[in-house]
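Listed below are the residues making up each chain.
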Amino acid sequence: MTTRHPLRIALMCGAAAAVAMSPSSVFAQAAHEAAARAADSPHGEGDIVVTAQKREQRLNDVGLTVTAIGGDALETRGVTTLSDIAQIVPGLVFSTSASNTPVYTLRGVGFNDTTLGSYPDVSVYLDEAPLPFPVMTKLTAFDLERVEVLKGPQGTLFGNNATGGAINYVAKKPTKEFQAGGSIGYGRFNTVDADAYVSGPLSNTLSARISGKITHADGWQRSYTTGEKTGKTRNYAGRVQLLWEPTDRLRVALNANGWLEKGEPPAVQLIAIRNPGPGNPVTNATLAPNNARAADFSSNIAPYLNNRLYQGIGRIDFDMTDDLTVTSLTSYTDYKQRMAFDGDGTAQNNADFRFFGGGIKSFSQELRLANGGSGPFRFILGLNYSSDKARDSSELDYRDSTINTGTAPFLGGIFRSGFRANQDMKNYAAFGNAEYDIGAFTVKGGVRYTESKRNASSCFFGVAAENSNLPFAPLYTFFANLLRGQNGLPPITVTPEQTLGCLTINTTGLLGGQPSYLPGEFVGKLNENNVSWRAGVDFKPRPGLLFYANVAKGYKAGSFPSVAASTTQQSQPVTQESLMSYEAGFKASLIDRTLQANGAVFYYDYQDRQIRSKIADPNFGLLDALVNVPKSKVQGFELELTATPTRGFSAYANFTYIDAKVKSYTGINPESGALNQNFKGAKLPYTPKYQVSTGVNYEFPVNDSLSAFAGADLTFRSDTSAFIGASKLFEIRDYTLVDLRAGVKGPEDRWSLQVWGMNVTNQYYWDNVAFFFDTVTRWPARPATYGATFSYKFQ
């Protein structure tokens, strides 16, 4: 049942957490147990070590808003993807997209374009090495030490495209003692999850770690018109690491990792027909029921996934002196994509991608010099270079659409078109960051200069119907002369030879040239530069208590859209966006470190936000394009509480409030087609106003060799929308998820057996809504899943 009262849920969750964390009898015994907990672990509560500022620090000493999730917590809760992580990180939202490219939004800052070559607003890293495009991040979350989510602009240390924040996966490293282990689980839909690792020394100076993960599952969705199944999973991931320490001052680390994603993409659900009537071939299509497993898709175009990624990371750290270290970080990533999917949610070919493919090759090199941090002054100086090459291609089948039925008599049965795009990007940067302690205060600042260069080309082309030629010359003669007449130019005749290649009409001029109003390939360049910066002050009156205030400015690079463009106007880029952030917060370890409280308030001045929207095309009406929203604002606050009042028991409660709205933007409403609509006050997409998560974990001894454990987690997200100015049809409704787990484990956690359930109330919810030609569809999230997992460690 969908909950429609977000404040009631928030208060309910807060009350539940308060009950869990507040009994006086529990805290009365906390003092004499704190010392025992500290002896069990090198880092007490609040003492998690992170590398959020590219050096090791206790989490409570970092004057930024950072959510850190340890590897044990990730394994216990079954977190393996960023979709899972988004459910437990306050302010982070994950959305599925048509091209299988994930969309991340953090505190209302995100980019809803799913082009392979589009940089995100929330950058992702593996051991500080970039995974610069969201599609590269899908199967990386395995064998992790922790995940760090940094909120707010991170441009000074992480560069362009981190205006919303940065996510850093920290992989478990090779060990100096032999370790090995693994787990295997079985769950609903015949899901088999297996992972394993082995780690240890190869010599006195060389150690290694090998880890891998496999997931197999049957299809979890079924067509409600044909009975066919889809959505099966065949995922494989692996990682090999070497750590060489020939001297006390030199460390060389190598990381080779990769993954293969096969199976089938999730099917969309049809929720509405656009412009129904006699001329619409899908007018009578059956809408999907409110059941995550029910969907519909074409039988003549089989959906499939065949995507893979390889990455190599090399890191060298050399201690020039006891306090001065030079670091080289090199990475190369190669991604290839081949897939097909049904975009319209019907059994007809209204908007079906017969093929959606491409690839990305990414190289990054960073050099930096840093002092060891033992004195009052700490600094980092660095240079960074990256080169990214992205290629997109697709073929769309729309034989059962109003576009085809409206033009088929003239075109002779054309109902397929193709598209390809190339984008080459180079980025150059120099940066510095410094901190200085003055008593209990720390003054800090950073700056980064970035120069970005992007070259793009794209081609929209027709694909002949069966047993027909391509009769595009008459059509494009008509289009060209219509546009030339509007601009006072004489008529021309477009020859059949001119329509054999690219069909995008040149209405803007290319690379400074004049418009020709003839079909051809689009080419463009975009060169930009910016200065990101951060300034702030920390105040630490006592150990375990930190107050901080920061002002930061970050940028996201401009981008060209990957669209099957009618004219070159549709292919124009958006320029870089910027975000000015004002934030203050605190981190407090209280009641003898049995209660950790973190809080932050923030305000963002968001300039030239990039969105995927529509433009008015003179030939085909409203078509996809990228546009800049001049001014937006984001304001809100976060509160996180974690209590460990007694050995074996912990509870947490998180609450996030975000108010994200447009301040100034006049443009086209993608849904209604209204021109020059004033969007002032409209909510930003993928940004729930309220987010709540709470949970408890309890472990207790059964006897000397056996202990039992149980846990529960509840997550609530209020409603949001899929784009600016959307109606209720494009609403992403609020939802509440409950996960449960229980099990037993052996001494020293050598083995464990756990039964678990996710979304145990079978909440029906979705994370995105979109439309193509004649249909409106949504991406449902998985229904209730449950199973059991056995783990074993060799030591």
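Rules of the game
Residues numbered from 1 in each chain as written. Predicted model: local features only at pLDDT ≥ 70, side-chain atom pairs only at ≥ 80, totals over all residues. Heavy atoms only, no water. Helix = DSSP H or I, 4+ residues; strand = E, 2+ residues; numbered from the N terminus. Rg over C-alpha atoms; globule rule 2.2 N^0.38 Å. Buried < 20%, exposed > 50% of the residue type's maximum accessible area, 1.4 Å probe, protein only. Contact = heavy atoms within 4.5 Å. Areas by Shrake-Rupley, 256 points an atom, 1.4 Å probe, with all protein chains shown as cover. Lys, Arg positive; Asp, Glu negative; His and termini not counted. Charge placed at Lys NZ, Arg CZ, Asp CG, Glu CD. Pairing = 2+ DSSP bridges. Patch = residues over 30% accessible without salt bridge, like charges linked within 9 Å, V, L, I, M, F, W, Y side chains within 5 Å. Salt bridge = Lys/Arg side-chain N within 4 Å of Asp/Glu carboxyl O. Phe/Tyr/Trp six-rings, centres within 6.5 Å; stacked < 30°, edge-to-face > 60°. Lys NZ or Arg CZ within 6 Å of the ring centre and 35° of its normal. Expected span 1.5 Å × (residues − 1). Disulfide = S-S within 2.5 Å. pLDDT = per-residue confidence, 0-100. Core = buried A, V, L, I, M, F, W, Y, C linked by side-chain atoms within 4.5 Å.

> What is the right way to read the overall build of the protein chain from this model?
If you tally the helices and strands in the protein chain, you get 8 helices and 45 strands. What you see for the protein chain is a C-alpha radius of gyration of 27 Å, in line with the 28 Å of a compact globule of 795 residues. Dimensions of the protein chain along its principal axes, counting C-alpha atoms only, are 90 × 55 × 55 Å. Burial statistics for the protein chain: of 795 residues in total, 56% are counted as buried. Considering only contacts in the protein chain between residues 6 or more positions apart, those separated by 24 or more positions represent 69%. Carbon and sulfur atoms make up 59% of the accessible area of the protein chain, which totals about 31,200 Å². Separation between the mean location of the 74 positive side-chain charges and that of the 71 negative ones in the protein chain comes to 3 Å.

> I'm lost on the pairing of strand S41 (residues 735–745) in this one. Help?
Residues in a regular strand point their side chains to alternate faces of the sheet. Relative to S41, strand S38 (residues 706–717) runs antiparallel, the two sharing 11 bridges. Within S41, the position partnered with Phe-709 by the bridge is Gly-743. Across 6 bridges, the pairing between S41 and strand S42 (residues 751–758) is antiparallel. Residue pairing for S42: Ala-742 is matched across the bridge by Val-755. Between the end of S41 and the start of S42, which pair antiparallel, lie 5 residues, with Glu-748 showing a positive phi angle near 55°.

> Hey, could you run me through the sheet that holds strand S6 (residues 109–110) in this one?
Read from one edge of the open sheet, 3 strands run S4-S5-S6, paired in antiparallel fashion. This sheet does not close on itself; its edge strands, each paired only once, are strand S4 (92–95) and S6. Of the pairings in the sheet, the one linking strand S5 (residues 103–106) to S6 comprises 2 bridges and is antiparallel in character. Bridge pairing in S6 links Thr-105 to Gly-110.

> Before we go on, may I ask you to explain a nonpolar patch on the surface in this structure?
A cluster of nonpolar side chains, namely Phe-377, Tyr-436, Ile-438, Phe-441, Val-443 and Val-537, defines an oily patch on the protein surface of about 540 Å² accessible area. For the nonpolar patch, the secondary structure elements donating two or more residues are strand S25 (416–438) and strand S26 (441–463). Tracing the backbone shows Phe-377 in strand S24 (residues 377–397). The class of Phe-377 is partly exposed, set by a relative accessible area of 41%.

> What is the right way to read the pattern of salt bridges from this model?
Side chains that differ in sign of charge can pair as their charged atoms come close. This model, assessed by the stated rule, comprises 38 salt bridges. Salt-bridge contacts for Arg-249 lead to Asp-322; the nearest nitrogen and oxygen are separated by 3.0 Å. One end of the pair, Arg-249, is in the loop between strand S16 (233–244) and strand S17 (250–263); the other, Asp-322, is in the loop between strand S21 (307–319) and strand S22 (324–342), and 73 residues separate them in sequence. Overall, the relative accessible area of 33% leaves Arg-249 in the partly exposed class. With a closest N to O distance of 3.5 Å, Lys-745 and Asp-749 form a salt bridge. Connected via shared salt-bridge partners are Lys-54, Glu-128, Arg-315, Asp-317, Glu-366 and Arg-368.

> Teacher, can you tell me more about the packing of aromatic side chains here?
Pairs of aromatic rings are described using the distance from one ring centre to the other and the angle between the two planes. Enumeration according to the criterion identifies 32 aromatic pairs in this entry. Ring plane angle 85° and centroid distance 5.5 Å describe the contact between Tyr-476 and Phe-479, whose orientation is recorded as edge-to-face. Of the two residues, Tyr-476 and Phe-479 are both situated in helix H8 (residues 472–486); the distance of 3 residues between them amounts to about one turn of the helix. Residue Phe-479 is classed as buried on the basis of its relative accessible area of 5%. Plain terms: the ring middles of Tyr-735 and Tyr-765 are 4.3 Å apart, the flat faces sit at 25° to each other, and that makes the pair stacked. With Tyr-735 in strand S41 and Tyr-765 in the loop between S42 and strand S43 (766–771), the pair connects residues that are 30 residues apart, well separated along the chain. In this structure Tyr-765 comes out as buried when scored by relative accessible area, which is 11%. Joined through ring pairs, the aromatic side chains of Phe-341, Phe-353, Phe-356 and Phe-772 make up one cluster. Positioned over the ring face of Phe-158 is Lys-54, at 5.0 Å from the centre of the ring.

> What am I meant to see in H8 here?
Counting along an α-helix, one turn takes 3.6 residues, and residues three or four places apart therefore face a common direction. Over its 15 residues, H8 runs 21 Å from end to end, which matches the ideal 21 Å to within 8%, given 1.5 Å per residue. Within the span of H8, buried status applies to Phe-472, Ala-473, Leu-475, Tyr-476, Thr-477, Phe-479, Ala-480, Leu-483 and Arg-484. The positive-phi residue at the C-terminal boundary of H8 is Gly-488, with phi of around 70°.

> Any chance you could explain the state of the cysteines here in plain terms?
Put plainly, a disulfide is one covalent bond tying together the sulfur atoms of two cysteines. Under the definition given, this model contains 1 disulfide. The disulfide that involves Cys-459 links it to Cys-502, with 2.0 Å between the sulfurs. Disulfide Cys-459 to Cys-502: torsion about the S-S bond roughly -115°, handedness left-handed. Of the two residues, Cys-459 is situated in strand S26 and Cys-502 in the loop between H8 and strand S27 (504–505); the sequence distance between them amounts to 43 residues. Cys-502 carries the same exposure label as Cys-459, and that label is buried.

> Can you walk me through the confidence of the model for the protein chain in this structure?
The predicted structure's coordinates, where accompanied by low pLDDT, should not be read in detail. Of the residues in the protein chain, 91% reach a pLDDT of 70 or more, and the chain-wide mean stands at 88. Scored below 50 in pLDDT, residues 1–46 shows 69 contacts in the model against residues more than four places distant or in partner chains. Taken as a whole, residues 406–413 scores under 50 in pLDDT and shows 9 contacts with residues more than four places along the chain or in a different chain.

> In this structure, what is going on with the pairing of S22? I would like to understand it.
Bridging between strand S20 (residues 304–305) and S22 involves 2 bridges; their strand directions are antiparallel. Its bridge partner lying in S22, Leu-305 is registered against Met-339. Bridging between S21 and S22 involves 12 bridges; their strand directions are antiparallel. Directly across from Gly-314, in S22, lies its bridge partner Thr-330. Where S21 folds back on S22, the antiparallel hairpin that results is connected by 4 residues. Here 18 bridges tie S22 to strand S23 (residues 352–371), and the two strands are oriented antiparallel to one another. Across the sheet, the residue bridging to Asp-334 is Lys-361, located in S23.

> Sorry, what's going on with the sheet that holds strand S14 (residues 221–223) here?
Adjacent strands of a sheet pair through backbone hydrogen bonds, lying either parallel or antiparallel. An order of S15-S14-S19 is seen for the 3 strands of this open sheet, with the pairing classed as mixed. At either margin of the open sheet sits one strand with a lone partner, and together these are strand S15 (229–230) and strand S19 (294–295). Examined bridge by bridge, S14 and S15 share 2 bridges and lie antiparallel to one another. Bridge assignment links Arg-222 to a residue of S15, and that residue is Lys-229.

> Mind showing me how you'd approach the nonpolar core here?
General note: in soluble globular proteins, nonpolar side chains tend to be found buried as a group. Among the nonpolar cores identified, the biggest contains 40 residues, and Ile-85, Met-136, Val-147, Ile-167, Tyr-169, Tyr-335 and Ile-360 are the most heavily contacted of them. Residue contributions to this core peak at 4 residues, all from helix H5 (residues 82–88). Aside from chain neighbours lying at most four places away, what touches Met-136 is Leu-131, Trp-259, Leu-309, Thr-333, Tyr-335, Ile-360 and Ser-362. Core analysis: the second largest hydrophobic core is formed by 17 residues, Tyr-604, Val-662, Tyr-665 and Ile-724 among them.

> Looking at this structure, I do not really get the environment of Ala-295. What am I missing?
Looking at the element boundaries, Ala-295 is found in strand S19. On the basis of relative accessible area, Ala-295 is assigned to the buried category, the value being 0%. Taking the C-alpha atoms as reference points, Ala-295 and Thr-225, 70 residues apart in sequence, are found 8.6 Å from one another. Ignoring anything within four residues of it in the chain, the contact list for Ala-295 reads Gln-221, Arg-222, Ser-223, Tyr-224, Ala-267, Val-268 and Gln-269.

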